[in-house]
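Analysis of the macromolecular model
Letter by letter, the chains look like this.
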Amino acid sequence: MSCNKTQAMVVISTEEEWSSLVCLLEENVADKEEQLSPEGHVYNLVLDDCLISLHYADVKPDMTQENISQVMNACFTSCKDGINTFLLLVPGGHYTTKQMRLLEILQAHFGTEAFKYLVVVSLEDGKVVTMLDDTLLELINTCDGRYCRMTSPSARDKVNALVSMVDYMLAESGSTGYSQSMLADAKKRSTEDTAMRMLRQKVQEAEEKVQAFQQMVAQREERRAKEVEELREKHDEERRNEAAERRQYEAKKESLEEAVVSHKAILHFQMRPEDEDDTDKMSVVLLGLSGSGKTSALRLILQRAGNQYPFTGCTDEDPQPTVVCERREVCTGGKRLILVDTPELWDEDGVVNLEQVKDCLALALPGPHIYLLVLQVGRFTQGESEMLTQLQKIFGRDAVEHSMVLFVHMNQGPQRSQRIHNYVAGAHTMLHELTRRCGSRYYELSLAKTHNGMSYPQVRQLLSGINKLVASHGGRAHVVKRFTAQELQERKKITEDVKDRAWEANFLLKDA
Ligand SMILES: Nc1nc2c(ncn2[C@@H]2O[C@H](COP(=O)(O)OP(=O)(O)OP(=O)(O)O)[C@@H](O)[C@H]2O)c(=O)[nH]1
Ligand SMILES: [Mg+2]
């Protein structure tokens with residue numbers, strides 16, 4: 001039979017639907033003629049002088065890309081005059097994942113160009129489909145509305161309608177269908193896409209690697225910082241512990257040394273001959289303006305230092321102003337400590353009481369070793385600011401090398417927050433200068449009875465300071481050049497003779 005025209009249609013469907021289509025056409029469309037090709041299924045149908053050649057693309061969703069290519073190429077080859085259209089069979093108007101996958105294969109092989117030649121065919125065996133899926137509607141839209149229903153009673157009419165639809169589509173596109181050059185273009189694009197995809201994938205992999213590396217570096221940095229911090233904390237704690245241990249050790253060592261010295265001294269003191277020389281005597285002269293606290297400080301030092309040395313004349317009552325120099329002795333740390341109390345040797349106006357100066361030097365024999373400048377915490381007068389000048393004027397320029405300052409607290413002890421160092425640091429520059437010129441040798445003593453406990457360590461520190469200063473001068477006393485030794489010795493004798501009178505005078509004043 002000769003035909004005026006031929007339409008080659010490639011059918012995209014599952015094998016089951018392809019069989020259903022063939023059955024439907026065989027049963028309902030006359031003048032049919034079936035022909036099977038060795039490569040796959042081909043079904044030729046002659047209808048009104050038109051040869052409709054249906055080529056089944058036997059692709060399966062699980063096929064490899066290579067196999068799909070083979071099937072599609074065979075399909076293309078069997079359509080000798082090119083492919084006019086692609087038919088996607090959907091059973092009963094249901095667009096399922098199977099059909100979606102087949103369309104993906106079609107697009108992958110023939111490119112998006114193939115959609116311009118695609119017709120969606122709904123196989124409806126006796127059933128009438130009234131509602132279409134949204135996804136199917138979308139697909140039909142993509143195909144510019146090319147949708148055809150294939151029902152058994154009117155199959156012939158439907159095939160005719162399909163042929164007309166294809167004719168119209170080809171006329172619209174101005175081509176004969178999907179061509180070899182389109183296939184070549186699709187393959188080229190696919191290769192380019194694949195290359196681009198691979199490139200993109202490699203870039204992404206590289207980026208991921210960079211990111212992972214950066215993350216790893218950041219994690220390591222974080223871990224290292226944490227370790228360093230932990231190590232630092234550990235070291236800090238070790239240092240703190242070491243410092244505490246060192247302090248404990250130093251305190252222990254100091255107290256042991258003191259105990260040894262004290263013990264030796266007691267033995268030495270007990271065993272020494274009567275006429276022993278004066279090398280173990282330290283003589284301290286307390287100096288300061290009236291009311292600075294010299295007598296009170298002297299009493300407290302004697303009480304705290306002189307456990308082995310009983311002395312009379314010490315009461316708990318407030319002392320009265322001292323009118324004559326007095327000498328007290330105490331055995332401490334293995335030495336005889338001589339303390340010389342003085343009345344005001346010079347007044348605020350700088351007027352010197354020379355007789356009392358001589359007395360104090362005579363009573364300080366074999367010293368003086370130390371000049372203890374007594375100042376009240378919180379009080380610093382104009383006269384006191386010139387203390388060192390007066391001291392040097394009276395006792396000689398080098399007297400300052402034998403001087404130290406004793407700050408006394410009258411009413412309250414030092415607050416924890418304001419230790420004597422802080423007091424000095426924040427004091428008037430003149431006071432600051434005074435302590436500096438005394439070689440920063442300054443100590444404190446709480447006279448207030450409410451802070452009784454504090455005076456024990458304070459006296460211990462003061463005595464230690466006295467010992468150190470005396471030792472730094474090789475145990476030698478300070479020589480006051482303006483008076484001869486003989487003159488002072490004689491004065492000492494006279495002073496001791498009038499000692500009883502001095503006591504009397506002081507006590508008389510007290511009772512007044
Ligand atoms: N508020 C208070 N006053 C005290 C304390 N101890 C002593 N005083 C007073 O401080 C003043 C001076 O005390 P002294 O120790 O006699 O001073 P001084 O330097 O020996 O004075 P002169 O002998 O006059 O040179 C006296 O009026 C004491 O009554 C104390 O703990 N608290
Ligand atoms: Mg006094």
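This one's a predicted model, so the numbers in the text were calculated from it and none came from an experiment.

Here is what the cut-offs are and how they apply
- Residues numbered from 1 in each chain as written.
- Chains lettered and ligands numbered in written order.
- Predicted model: local features only at pLDDT ≥ 70, side-chain atom pairs only at ≥ 80, totals over all residues.
- Heavy atoms only, no water.
- Helix = DSSP H or I, 4+ residues; strand = E, 2+ residues; numbered from the N terminus.
- Buried < 20%, exposed > 50% of the residue type's maximum accessible area, 1.4 Å probe, protein only.
- 1 Å grid on protein atoms, 1.4 Å probe; cavity = no way out; pocket = protein on both sides within 12 Å on 5 of 7 lines; lining within 4 Å.
- Points joined across faces, edges and corners; volume = space filled by probe spheres on them.
- Near = heavy atom within 4 Å.
- Polar contact = N/O pair within 3.5 Å; in protein donor to acceptor, adjacent residues only side chain to side chain.
- Areas by Shrake-Rupley, 256 points an atom, 1.4 Å probe, with all protein chains shown as cover.
- pLDDT = per-residue confidence, 0-100.
- Contact = heavy atoms within 4.5 Å.
- Axes fitted to C-alpha atoms, helices over the stretch in contact; angles between N-to-C directions.
- Parallel < 35°, antiparallel > 145°, perpendicular 65-115°, else oblique.
- Nonpolar A, V, L, I, M, F, W, Y, C, P; charged D, E, K, R; others polar.
- Phe/Tyr/Trp six-rings, centres within 6.5 Å; stacked < 30°, edge-to-face > 60°.

A few words now on the environment of Glu355. Looking at the secondary structure, you find Glu355 in helix H8 (residues 354-363). By relative accessible area, which is 40% here, Glu355 ends up partly exposed. Along the chain, Glu355 and Val324 lie 31 residues apart, while their C-alpha atoms are 9.8 Å from each other.

Evaluation of the coordinates by the stated rule reveals two cavities of 30 Å³ or more. One number sums up the size of the second largest cavity: a volume of about 70 Å³. Met9, Leu21, Leu25, Leu45, Ile52, Leu54, Leu87, Val121, Met150, Val159 and Leu162 are the residues that line the second largest cavity. Contributions of two or more residues to the lining of the second largest cavity are made by helix H1 (15-28), strand E4 (50-57) and helix H5 (155-173).

On to the site of ligand 1. Around ligand 1 sit 16 residues, and of these Ser290, Gly291, Ser296, Thr322 and Asn411 come closest. One of the side-chain N or O atoms of Ser290 is found 2.5 Å from an oxygen atom in ligand 1. A distance of 3.0 Å separates an oxygen atom of ligand 1 from a polar atom in the backbone of Met410. A total of 640 Å² of accessible area belongs to ligand 1 in isolation, and the protein chains cover 76% of it.

Mean pLDDT over the chain stands at 83; residues scoring 70 or higher make up 86%. Within the chain, strand E11 (residues 370-376) carries the highest mean pLDDT (95), whereas strand E2 (residues 32-34) carries the lowest (49). Low pLDDT (under 50) marks residues 34-39, which in the prediction has eleven contacts with non-local residues, meaning those over four places away or in another chain. Ignoring residues within four places in sequence, the model shows residues 308-314, a span with pLDDT below 50, making 15 contacts including any to other chains.

Before going further, it helps to examine the packing of helix H2 (residues 65-78) against helix H3 (residues 97-110). Remark: H2 packs on H3, axes separated minimally by 11 Å, with the N-to-C direction vectors making an angle of 75 degrees. Here H2 lies roughly perpendicular to H3, going by the angle between them. Along the contact surface, H2 presents Ile68, Ser69, Met72, Asn73 and Phe76, while H3 presents Ile105, His109 and Phe110. Taken together, the residues of the contact of H2 with H3 sort by class into five nonpolar, three polar and no charged.

What follows deals with the packing of aromatic side chains. One pass over the full model with this rule turns up eight aromatic pairs. Judged by centre distance (5.6 Å) and plane angle (85 degrees), the rings of Phe407 and Tyr423 are edge-to-face. Remark: Tyr423 occurs in helix H11 (residues 420-425) and Phe407 occurs in strand E12 (residues 403-409); sequence separation between them is 16 residues. Here the two residues Phe407 and Tyr423 agree in accessibility, since each one is buried.

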